[in-house]
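Observations on the model geometry
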Amino acid sequence: MYDRLLSRYSPHRPIPRFVRRKGFRVAMVAFIFTVFGVQMYFAWGDWNAMGKVFWNIILVTTVVGIVLSFIYAPRTWCSFCPMGSLSAWVAPRKAPLPSGYRSIRVADSCRMKCKSCARVCPMQLAPYDSRGVAEGYLHPDCLKCGKCVEACPLKIMELKA
């Protein structure tokens with residue numbers, strides 16, 4: 001939804017740096033989990049009320065994501081959502097990678113002048129920063145979507161499994 005629909009209408013402004021900071025992300029995880037926990041406490045035992053808690057969390061976070069898409073970039077919410085934050089904290093950052101884990105390899109010959117990979121990245125990351133790194137680009141917020149690989153004019157990037 002963010003990449004295919006909202007991307008057409010988004011101003012594609014830079015995602016604010018503070019939303020990627022660990023303190024802000026921890027606060028968001030704590031806030032969402034607290035709201036969820038308190039609501040589940042009061043709804044416990046009533047299946048309809050418990051289902052409504054899930055529905056409300058999904059609805060509110062989706063609305064926040066859509067609003068942020070119209071203010072900044074389509075994936076602004078993804079930069080600090082609790083699920084993305086938790087995933088980023090457990091994502092491997094060094095070799096050896098678990099089998100089946102995808103990595104983006106940037107060749108040494110990348111001159112970092114065009115920055116085409118960064119311009120197409122839905123998370124506004126800079127894969128060219130990892131040129132020549134053996135294990136590839138392992139930024140924990142990277143979706144491994146491959147858009148950077150497709151956009152590379154020199155075709156010196158590859159998505160490895």
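Refer to the structure printed above.
Notes on the structure in this doc start here. What you are looking at is a predicted structure, and each value in this text was computed from that prediction instead of being measured.

Helix and strand counts for the chain come out as five helices and two strands. Ordered by position in the sequence, the α and β elements of the chain form the string α-α-α-β-α-α-β. Summarising its shape, the C-alpha atoms of the chain cover approximately 60 × 40 × 25 Å along the three principal directions. In the chain, which comprises 161 residues, the share counted as buried stands at 37%. Put simply, 71% of the contacts in the chain that link residues at least 6 apart link residues at least 24 apart. If you sum the accessible surface of the chain, you get close to 10100 Å²; carbon and sulfur atoms cover 62% of it. Of note, the chain has its 23 positive side-chain charges centred 6 Å away from the centre of its 8 negative side-chain charges.

What follows is about the nonpolar core. Across soluble globular proteins, you tend to see nonpolar side chains buried next to one another. Formed by 29 residues in total, the largest nonpolar core has its most connected members in W77, F80, I104, L125, Y128, C148 and M157. Those elements that place two or more of their residues in this core are α1 (22–43), β1 (103–106), α4 (116–120) and α5 (147–151). In this view, L125 contacts R20, A118, Y137, H139, D141 and C142; residues no more than four positions away in its chain are not counted.

At Q124, a residue that is not glycine, the phi angle is positive and equals roughly 55°. Here Q124 shows up in the loop between α4 and α5. Non-glycine residue K155 carries a positive phi angle of around 55°. Within the secondary structure layout, K155 lies in the loop between α5 and β2 (157–160). Judged by its relative accessible area of 55%, K155 is exposed.

A few words now on the pattern of salt bridges. Within the structure shown, the criterion is met by four salt bridges. Measuring nitrogen to oxygen at the nearest pair gives 4.0 Å for the salt bridge that ties D3 to K147. Here D3, found in the segment before α1, pairs with K147, found in helix α5; they are 144 residues apart in sequence, far enough to count as distant. Its relative accessible area of 25% is what places D3 among the partly exposed residues. Overall, the relative accessible area of 32% leaves K147 in the partly exposed class.

All right, on to the packing of aromatic side chains then. Within a pair of aromatic rings, the relevant descriptors are the distance that separates the centres and the angle that separates the planes. Counting across every chain of the model gives five aromatic pairs. Here the aromatic rings of F18 and F24 are separated by 5.1 Å at their centres, their planes lie at 85°, and the arrangement is edge-to-face. Summarising the aromatic geometry, the rings of F24 and F80 are spaced 5.2 Å apart at their centres and angled 70° between planes, so their arrangement reads as edge-to-face. Separated by 56 residues along the polypeptide, F24 in helix α1 and F80 in the loop between α2 (47–71) and α3 (82–90) bring together distant segments of the chain. Taken together, the ring pairs in this structure connect F18, F24, W77 and F80 into an aromatic cluster.

Cut-offs and rules
Residues numbered from 1 in each chain as written. Predicted model: local features only at pLDDT ≥ 70, side-chain atom pairs only at ≥ 80, totals over all residues. Heavy atoms only, no water. Helix = DSSP H or I, 4+ residues; strand = E, 2+ residues; numbered from the N terminus. Buried < 20%, exposed > 50% of the residue type's maximum accessible area, 1.4 Å probe, protein only. Contact = heavy atoms within 4.5 Å. Areas by Shrake-Rupley, 256 points an atom, 1.4 Å probe, with all protein chains shown as cover. Lys, Arg positive; Asp, Glu negative; His and termini not counted. Charge placed at Lys NZ, Arg CZ, Asp CG, Glu CD. Core = buried A, V, L, I, M, F, W, Y, C linked by side-chain atoms within 4.5 Å. Salt bridge = Lys/Arg side-chain N within 4 Å of Asp/Glu carboxyl O. Phe/Tyr/Trp six-rings, centres within 6.5 Å; stacked < 30°, edge-to-face > 60°.

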